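Each chain is listed here by its residues.
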Amino acid sequence: MKIVVIGGTGLIGSKVVAGLAGQGHEAVAAAPSTGVDTLTGEGLAEVLTGASAVVDVSNSPSFEADAVLAFFETSTRNLLAAEAAAGVGHHVALSVVGTDRLADSGYFRAKVAQEKLIENGPIPYSIVHATQFFEFTRSIADSSADGGMVRIAPVLYQPIVSDEVARAVARVAVGTPLKGRVEVAGPERVRMDAFFRDALAAWDDPREVVADPHARYFGAELDERSLVPDDGAILGEVRYAEWPGRTAPGK
């Protein structure tokens, strides 16, 4: 089957494309660099011709509240309309575990708006909620930095390697539309501050990780279960301690 992957040149999208192609599907990477722009609609009609499913793993280039809302609303409306015109039968979107629990964050409010458009749209859909990727550990630490400290909320945390997110998305894409959500997470549930303390130690990073109950994540304060899935989530197998990318380059 032909499956178009919006954001198909990025971290997750490129892995989804490779995984689907390896299963014998016609997987097409769609992104501005390939001539497809969901914000303007450029290239959508052409790339969606003959597609059975669309996977949207795109992300906003800006996390500023108004900009990210405009991105997800505009791109999702354009994409759903183009899919309806092309007769696409399955829309798959990647989102984040806990999105509906993080209303203080402009980014997560935008993801909620995206999901509502999908739920109320004309295309049978599946939404995959994933926890934080191992690959984002360094950027999360840096965004939480406060001088020589890294302020992290002492809440539950269950990150996952991007390879396993991509495999889950690909499995959903070739299946029957869920008309709902599925959650995917890593195999280990730990304290977020302890996780980042160990991560920085592995990088020989001298910054002190401080457990701060008021530390914000993308602008939102966290409670105990904000970032972890409910019972029944699909769990990956790779533990952070086993992931080759956990250490600093050259270590």
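The structure this text deals with has already been given above.
Undergrad: Can you lay out helix α4 (residues 106-119) for me, pointing to particular residues and giving the numbers?
TA: Each turn of an α-helix holds 3.6 residues, which means side chains three or four residues apart point in the same direction. For α4, spanning 14 residues, the distance from its first C-alpha to its last is 20 Å, which sits close to the expected 20 Å at 1.5 Å a residue. Within the span of α4, buried status applies to G106, Y107, F108, A110, K111, A113, Q114, E115 and I118. Here the buried face of α4 lies against β3 (53-56), α3 (65-86), β4 (90-96), β5 (125-130), β9 (180-185) and β12 (216-217).

Undergrad: Residue-level account of the pattern of salt bridges, with values.
TA: Per the stated rule, a full pass over the model turns up 12 salt bridges. With a closest N to O distance of 3.0 Å, R239 and E188 form a salt bridge. Taken together, the positions of R239 in the segment after β14 (234-235) and E188 in the loop between β9 and β10 (190-191) put the pair 51 residues apart, joining distant regions of the chain. Here R239 falls in the partly exposed class, since its relative accessible area comes to 36%. A salt bridge links E221 to R216; its shortest N-O distance comes to 4.0 Å.

Undergrad: Describe the environment of T9, with residues and values.
TA: As for its placement among the helices and strands, T9 is situated in the loop between β1 (2-6) and α1 (11-22). Spatially, the C-alpha atom of T9 lies 23 Å from that of R246, the residues being 237 residues apart in sequence. Once residues within four sequence positions are removed from consideration, T9 is found in contact with S14, A29, A31, S33 and T34.

Undergrad: Tell me what's going on with the nonpolar core, and back it up with residues and numbers.
TA: Generally speaking, a soluble globular protein has its nonpolar side chains buried in company with each other. Of all hydrophobic cores here, the largest spans 30 residues; its most connected members are Y157, M192, F196, Y217, L222, L227 and Y240. With residues near it in sequence (within four places) discarded, L222 still touches L102, A153, V155, M192, P213, A215, Y217 and L227. With 24 residues, the next largest nonpolar core counts L20, V128, V182 and V184 among its residues.

Undergrad: Describe the packing of aromatic side chains, naming the residues involved and giving the relevant values.
TA: According to the stated counting rule, one finds 17 aromatic pairs in the structure shown. Between the NZ or CZ atom of R138 and the centre of the ring of W203, over which it lies, the distance is 4.0 Å.

Undergrad: Kindly report on the environment of E119, identifying the contributing residues and their values.
TA: With respect to the helices, strands and loops of the structure, E119 is situated in helix α4. Each C-alpha atom of the pair E119 and K179 lies 7.7 Å from the other, and the pair is 60 residues apart in sequence. Every residue in contact with E119, bar those within four places of it in the chain, is listed here: Y125, I127 and R181. Engagement of the side chain of E119 in a polar contact is seen with the side chain of R181, the distance being 2.4 Å.

Thresholds, definitions, all that
- Residues numbered from 1 in each chain as written.
- Predicted model: local features only at pLDDT ≥ 70, side-chain atom pairs only at ≥ 80, totals over all residues.
- Heavy atoms only, no water.
- Helix = DSSP H or I, 4+ residues; strand = E, 2+ residues; numbered from the N terminus.
- Expected span 1.5 Å × (residues − 1).
- Buried < 20%, exposed > 50% of the residue type's maximum accessible area, 1.4 Å probe, protein only.
- Contact = heavy atoms within 4.5 Å.
- Salt bridge = Lys/Arg side-chain N within 4 Å of Asp/Glu carboxyl O.
- Core = buried A, V, L, I, M, F, W, Y, C linked by side-chain atoms within 4.5 Å.
- Phe/Tyr/Trp six-rings, centres within 6.5 Å; stacked < 30°, edge-to-face > 60°.
- Lys NZ or Arg CZ within 6 Å of the ring centre and 35° of its normal.
- Polar contact = N/O pair within 3.5 Å; in protein donor to acceptor, adjacent residues only side chain to side chain.

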